[in-house]
Amino acid sequence: MKNGKYLIGFIGFGGIARGPHYSGWKKLPDVEVFGISDPSEAVRKFAKDELGIKYVFENYEDLLKIEEIDIIDICAPNAIHFPATIASLKAGKHVLCEKPLAISKKEVEGMIKEAKKAKKKLMAAQHMRFMKESVALKRLIDNGELGEIYFAVAYALRRRHLPTSPTFIDKSLSGGGPMFDIGVHILDLTYWFMGCPKVHSVKGITFTKLAKRKDIKGLWGEWDREKYNVEDFASGFVRFYDDKALNLTCSFLANMEKIDDFSTTLFGTEGGIKWPNGKLAKEKNGILQDIELKLDVLPNVAPHHEEIRVFLECVKEDKEVPVKPEESLEVIKILEAIYISSETGKEVIF
Ligand SMILES: NC(=O)c1ccc[n+]([C@@H]2O[C@H](COP(=O)([O-])OP(=O)(O)OC[C@H]3O[C@@H](n4cnc5c(N)ncnc54)[C@H](O)[C@@H]3O)[C@@H](O)[C@H]2O)c1
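Residues numbered from 1 in each chain as written. Predicted model: local features only at pLDDT ≥ 70, side-chain atom pairs only at ≥ 80, totals over all residues. Heavy atoms only, no water.

Which residues make up helix H6 (residues 132-142), and what values do they have?
All buried positions along H6 are accounted for by Lys132, Ser134, Ala136, Leu137, Lys138 and Ile141. If you follow the buried residues of H6, they end up packed against strand S7 (149-158), helix H9 (178-193), strand S11 (260-268) and strand S12 (272-275). Count one or two residues on from H6 and you reach glycine 144, which has phi positive near 85°. (Buried < 20%, exposed > 50% of the residue type's maximum accessible area, 1.4 Å probe, protein only. Helix = DSSP H or I, 4+ residues; strand = E, 2+ residues; numbered from the N terminus. Contact = heavy atoms within 4.5 Å.)

Next up, the structure:
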């Protein structure tokens, strides 16, 4: 802290950092973005010259030497999340880390252990939990409107939106393809709606059928077909210990009717609904009804900003973070197991 302000340091200052994360921190009155680390010289120059950020470093080890920094916001590629989080916690910082929290079960377990040892906050930046549609639906669920949610079908499907940067399509940086990039969002949300049950087993399959083809064009421009080494389509079937299950299907490139389908359909004993804006199907007075939810009357929130505001509140008041790392562990277990199952052809049982 300095002059009564919480000091923030970024590890990785690319698209998501310079966008909603930077503006999210800037909105808070008792916060200062104090330093960044990024291997890109152009990014460092932008941070210093355009944004006036005081400390810019090539390596995060140097950033972490600044004692007054309280919170590290990790926005580097997925494969950096684990080493950067461990180093930040060891340096005595709280960590807000972009999704996916890490790229393997073992890494997340290590991060949880280190956070406990350091007595610091650790949270995955699952901003979709902070969308008004998510908050409203979770309220209905917690009040029992859906009864027991026993099954869900979660989609993170895009027709022709393949991110072209190596951050997302080079496995050494991303750890995986659409499952780690967009599947993690819809899985985390679905898992949270379902009450965060313990994973029993996972069966999955991944494909790379379209992304290597030169005749397939994406709406976000060209990508390096030679270097593309992650899946472009994946699906998994997950069973939980308490008699619940879900299906997760994700893609960057899918031959399908809609431009994208980012949704989850929840099947409960007392009602069913499709997030983000479906009608609540419910038996009432012996009649099955569709109940329209008027979510447009709820106040608009910028979900990334809300996630940052809430994380700071947890740091200040020493409260438990809303996206618990133990929940992220189950999410990452599922994603990793889909890859393992696809390779081995077997179900992964926990
Ligand atoms: N929640 C969301 O809506 C959302 C959206 C996009 C990306 N993300 C996540 O944010 C992270 C970054 O994605 P992005 O879109 O900003 O990617 P990006 O490629 O625009 O930026 C990544 C930045 O990290 C830097 N970097 C690489 N190695 C580094 C290291 N060792 N130390 C510090 N910086 C390093 C790169 O130079 C680059 O500037 C990823 O984990 C991604 O999954 C989240």
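Explain the domain arrangement of the protein to me, using residue names and the numbers behind them.
Taken as a whole, the protein is organised into domain 1 (6-125 + 304-320) and domain 2 (129-301 + 331-349). Between domain 1 and domain 2, the C-alpha centre-to-centre distance is 26 Å. The junction of domain 1 with domain 2 conceals about 1200 Å² of combined surface from both sides, 73% of it contributed by carbon and sulfur atoms. Summed over the shared surface of domain 1 and domain 2, the number is 1 salt bridge. Here aspartate 181 ties to lysine 99 by a salt bridge, and the two come within 2.9 Å at their closest N and O atoms. At the surface where domain 1 touches domain 2, the tally comes to 5 residue pairs in polar contact (both at pLDDT 80 or more). Elements with a minimum of two residues in the side of domain 1 that touches domain 2: helix H4 (78-90), helix H5 (105-118) and helix H10 (303-317). Looking at the side of domain 1 that touches domain 2, the element that brings in the most residues is H10, giving 3 residues. (Domains from an automatic or database assignment. Buried area = accessible area lost by both parts, 1.4 Å probe. Salt bridge = Lys/Arg side-chain N within 4 Å of Asp/Glu carboxyl O. Polar contact = N/O pair within 3.5 Å; in protein donor to acceptor, adjacent residues only side chain to side chain.)

Can you explain the pairing of strand S14 (residues 287-291)? Please cite residues and give values.
The side chains of a regular strand alternate, first on one face of the sheet and then on the other. In the sheet, strand S13 (residues 280-284) pairs with S14 via 5 bridges, with the strands oriented antiparallel. Of the residues in S14, the one forming a bridge with glutamate 283 is leucine 288. Following S13, the chain reverses through 2 residues before pairing antiparallel with S14; asparagine 285 in that reversal takes a positive phi of roughly 55°. (Pairing = 2+ DSSP bridges.)

Mind laying out the state of the cysteines, listing which residues take part and the relevant values?
Per the stated rule, a full pass over the model turns up 0 disulfides. In this model cysteine 97 remains outside any disulfide bridge; the closest cysteine sulfur is found in cysteine 75, 8.1 Å from its own. Overall, cysteine 97 belongs to the buried group, its relative accessible area being 0%. No disulfide involves cysteine 314; its sulfur sits 15 Å from that of cysteine 196, the nearest cysteine. (Disulfide = S-S within 2.5 Å.)

Hey, could you go over the packing of aromatic side chains for me, with residue numbers and the actual values?
What the rule picks out here adds up to 10 aromatic pairs. Ring geometry for phenylalanine 10 against phenylalanine 13: centres 5.1 Å apart, planes inclined by 65°, an arrangement best described as edge-to-face. The two residues phenylalanine 10 and phenylalanine 13 agree in class, both being buried. Here phenylalanine 151 and phenylalanine 267 contribute two aromatic rings whose centre-to-centre distance is 6.4 Å and whose plane-to-plane angle is 40°, an arrangement assigned as tilted. Here the residue phenylalanine 151 occupies a position in strand S7, and phenylalanine 267 occupies one in strand S11, the gap between them amounting to 116 residues. Take phenylalanine 151: its relative accessible area is 23%, and that puts it in the partly exposed class. (Phe/Tyr/Trp six-rings, centres within 6.5 Å; stacked < 30°, edge-to-face > 60°.)

I'd love a proper account of the nonpolar core, names of residues and values included.
One finds Phe10, Phe13, Trp25, Leu248, Leu266 and Leu335 to be the most contacted residues of the largest nonpolar core, which totals 104 residues. Two domains each put at least three residues into this core: domain 1 (6-125 + 304-320) and domain 2 (129-301 + 331-349). Phenylalanine 13 has contacts with Arg18, Tyr22, Ile36, Ser37, Asp38, Val43, Ala47, Leu51 and Ile53, leaving out every residue within four places of it along the chain. (Core = buried A, V, L, I, M, F, W, Y, C linked by side-chain atoms within 4.5 Å.)

Summarise unusual backbone geometry; cite the residues concerned and give the values.
The phi torsion of most residues other than glycine is negative, and most of the peptide bonds are trans. Here the residue pair lysine 99 and proline 100 is connected by a cis peptide bond, since its omega of -15° sits within 30 degrees of zero. Within the secondary structure, proline 100 sits in the loop between strand S5 (94-98) and H5. Backbone torsion omega between tryptophan 275 and proline 276 reads 10°, so that peptide bond is classified as cis. Relative to the helices and strands, proline 276 is located in the loop between S12 and S13. Even without being a glycine, asparagine 3 presents a positive backbone phi close to 50°. With respect to the helices and strands, the residue asparagine 3 is situated in the segment before strand S1 (6-11). Phi is positive for aspartate 318, which is not a glycine, with a value near 50°.

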